[in-house]
Amino acid sequence: MDQQVTSNPALHSFTEIDATLHIHLKRYADALINDHNDCGNAIKNYFLSLLPISSTLRIYNDNGKLDLLVTTLVGHAKKLLHEFNDPLYPHLVREIGRVHYQHHIDPAWVIGCYRIYQKHFLTTIYHSDQIENSDRPLLCDAVNKLLFRDMALVLEGYWKAGELDHSNQRTKVNELQSQICNLLANLPQTIWSYDVVREEYLYLSPAKDETLPANEEIPIPYFSWTKQSEQAEIHAAWQRALHGECISIESATDLPDGSRRWYKRTFHPFADQNNKITRVDGVMEDITDSRQAHKRLLHMANTDTLTGLANRNLWYDRAKQALAITSRESERQVAVLLLDLNRFKYINDTLGHPVGDLILRMVAQRLKDVLRSSDTIARFGGDEFAVLLPSIDDGMVVAQRVAGKIQDCFQTPFKHGSHELHLGASIGISLYPQDGHDLAVLMRRADIAMYTSKRQHLPFQFHKPGLEEEYDRKLRIGGQIKEAILNHEFQLLYQPRMRMNGNGIDGVEALIRWQHPQQGMLTPDQFLPHAEQSGLMAELSDWILRSALQQAQDWRELGLNIPVSINISARSFQNQNFVASIKHALSNSNAPPQSLELEITENTLMNHSERSVKTVKELADIGVNIAIDDFGTGFSSLSHLKQLPVKLLKIDGSFINNMTHCTRDSAVVSSVIDMGHKLGFEVSAEGVEHLDTFTSLQHMGCDQAQGYHIGMPMVGDQLASWLQQQAKAC
Ligand code: C2E
Ligand code: CA
Ligand code: CA
């Protein structure tokens, strides 16, 4: 029996069954296993006595499956005795071991089973009368060898299966590991894992070609390439990671090729069961592009693209910061200056938006030049700018000085081609903390102050008590105008204009009033600017024109043929449909054109000189009379005046009121009268309150006069009675 049945030579020699033993086994094979029940019962009892699995086996037993197992085991003992010499037998037994491994059957049970076989066979050898006494020792030896060999084959199968399984798993792990390594190496990030105890890398992903050549510095790769001034911060972050904190840090790195890139390093610490940090994993990624994109976005989000100044967004951020900081410094203040350009709309409208944009850029540059870098200047949109003076000592003084400097930068006209453009700014100022603790309040107050500065032609205006209430009241008024027209709350008063040579009344001027349900009688200066701002002036002007023409018609029916003057606002006059609207109103009312006179202020006429001449000519062609109102307050050029087909010059009341006390005013009035006459105009004086003024004007040769001395503004019916009385008196 030379056949080597086990792969282990030692075991082979130890369990080799020679020819004699073979003969013995052959002879007594049936005798050894003739009593099936005995062997089966022994196996079954053995199983059931095994404490760790007895309860499981009992359930198994209840299903009858334990008997099946026992029968199989007895069958195996039989097979072993009869077929051990079959060349295929060892394979079969090893297969049993492999199946055991596969089903996780512990080798201890196998050994236990062979122990039962041994006990059964030895008992049989010593007690069976079928075995000759002299053969018993050799048979014992043969059975022992056979059992050990069989058990060894099962265990060998078991072991081989385990080995194969482990080697498969190792292969899989290796494949997975190489996949992961490839993956990590191909990631744009540098990844590493550092053993803190052994002070060495457990893993460091390879160099990223020329973009990031290899650098294996311990414990932080590429550390020495980091910008020197930022190394301390990275070192501190690493220390925090060693204390268990997961931390990210961005820094600039100078590469060997001289380029600078930005990297973000993240350190992930890992602790052992004792909470001791044993490993830190790191990721280092190139954030240069995203950082630049972020910077660009931030710039776009915070910059006014036209001027390059800060935009509203950034200005508000800085303002909030300034308030927060100053709230902790009791002595300090913050100033908010809002400025709005004067006459910018005119430039934009007349010279076009590209020129407007150019001017805005020039304004921005001049403002930048006069302000400090610690101040924030922003364009909020259109021609609106805001200046923030953070943390200043004496708010009033500093803000006033800055407002003065801003005004100074408008002294020099802005040049564009042959044009010299004169611009100005209105400035509203509010101060933290005295004008408000909240940015929204400060902004509103600066805004209202800015409107006040604009309306009152002041270089700047600080917030002061009362401004806000006044503004709110006016805003409310603006909102109520439309309804007031429908509710017939407006009224026209008529003030007579008298010929000074005693030839009676030359005309009456329509002056608007608002009988406000809550605020009582409002004069034009209290609501006309708001009608203009809220875009309702056209509607109101239409109403004035219709009412005045209707009144003239009513008077004519009473036999009073008296022309009515109406005041024309600058905006109405500049409206392209202005002449058409006058024609339309005249044709609707059946009133002759001569019954209508239009008072246009000197400033309005001079502002758009070429267009004004054309409009006034068109009106004169219709037959409507034109008077120049508030004469003396503007800067008329004689050459321009000469071209206007105007009937009347009305000298502004401000000169008339003072002329009896002030020789200068008297001289102005006298020379205006002379000049008017020379140009072929009639001249009227406004605001004549006293007899001595009236007399002086008569001496100066003034043609007409209007004022309380002659007659107050009156409602239509009153004026009719007044005229009738005048006629009687004459
Ligand atoms: P204005 O065109 O210069 O009108 C003359 C103003 O002087 C009127 O003020 C009139 O009541 C006032 N007045 C008349 N006689 C005297 C006097 O002897 N002494 C003084 N101190 N004042 C006198 P009112 O009605 O308050 O109008 C103010 C301005 O409002 C007008 O100035 C005119 O520019 C504007 N306005 C009035 N009604 C209308 C209107 O229907 N349409 C437009 N667009 N503007 C109007
Ligand atoms: Ca007037
Ligand atoms: Ca006037």
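Look up a bit, the structure's there.
Given the structure is predicted, the values throughout are model-derived calculations rather than measurements. (Residues numbered from 1 in each chain as written. Chains lettered and ligands numbered in written order. Predicted model: local features only at pLDDT ≥ 70, side-chain atom pairs only at ≥ 80, totals over all residues. Heavy atoms only, no water.)

(A) Broad picture of the overall build of the protein. Counting its regular elements, the protein contains 27 helices and 21 strands. In terms of C-alpha radius of gyration, the protein reaches 56 Å, well past the compact-globule figure of 27 Å for 730 residues. Across its three principal directions, the C-alpha atoms of the protein cover 180 × 60 × 50 Å. Across the protein, contacts joining residues at least 24 apart in sequence account for 63% of those joining residues at least 6 apart. (Helix = DSSP H or I, 4+ residues; strand = E, 2+ residues; numbered from the N terminus. Rg over C-alpha atoms; globule rule 2.2 N^0.38 Å. Contact = heavy atoms within 4.5 Å.)

(B) Structural detail: the coordination of the calcium ion (ligand 3). In this structure, Asp-629 (OD), Asp-630 (OD), Glu-686 (OE) and Glu-686 (OE) serve as the protein donors to the calcium ion (ligand 3), at separations of 2.1 to 2.4 Å. Between consecutive donor residues of the calcium ion (ligand 3), the sequence gaps follow D-D-x55-E. Owing to a relative accessible area of 12%, Glu-686 belongs among the buried residues under this scheme. (Donors = N, O, S within 2.8 Å, 3.2 Å for Na, K, Ca; no water. Buried < 20%, exposed > 50% of the residue type's maximum accessible area, 1.4 Å probe, protein only.)

(C) The sheet that holds strand β8 (residues 384-392), seen in detail. Overall, mixed pairing links the 5 strands, which are arranged β7-β8-β6-β11-β12 in an open sheet. The sheet is open, and its two edges are formed by β7 (376-381) and β12 (461-462), each paired on a single side. Note: β7 against β8, 5 bridges, orientation antiparallel. Within β8, the residue paired with Ile-377 across the bridge is Val-387. Together, β6 (333-342), β7, β11 (424-432) and β12 form the strand contacts of helix α15 (residues 439-455), whose direction differs from that of β11 by roughly 145 degrees. (Pairing = 2+ DSSP bridges. Axes fitted to C-alpha atoms, helices over the stretch in contact; angles between N-to-C directions.)

(D) Broad picture of the coordination of the calcium ion (ligand 2). Coordination of the calcium ion (ligand 2) by the protein involves Glu-509 (OE), Asn-567 (OD1), Glu-599 (OE) and Asp-629 (OD), with metal-donor separations of 2.1 to 2.3 Å. Spacing between the donor residues of the calcium ion (ligand 2) along their common chain follows E-x57-N-x31-E-x29-D. Here the calcium ion (ligand 3) and the calcium ion (ligand 2) are spaced 3.9 Å from one another, each receiving a donor from Asp-629. With Glu-599 in strand β17 (residues 596-601) and Asp-629 in strand β18 (residues 625-631), this pair connects stretches of sequence that are 30 residues apart. The buried category is assigned to Glu-599, whose relative accessible area is 1%.

(E) Spotlight on helix α16 (residues 467-486). With 20 residues, α16 should cover 28 Å at 1.5 Å per step; its first-to-last C-alpha distance of 30 Å lies within 8% of that length. Approximately 45 degrees is the largest bend angle found in α16, and it occurs at Gln-480. For α16, every residue scored as buried is listed here: Leu-467, Glu-468, Lys-474, Ile-477, Gly-478, Ile-481, Ala-484 and Ile-485. Looking one or two residues past α16, His-488 carries a phi angle of roughly 55 degrees, positive in sign. (Expected span 1.5 Å × (residues − 1). Bend = angle between axes of the 7 residues up to and from the residue.)

Geometric descriptors of this kind do not, in isolation, establish any biological role.
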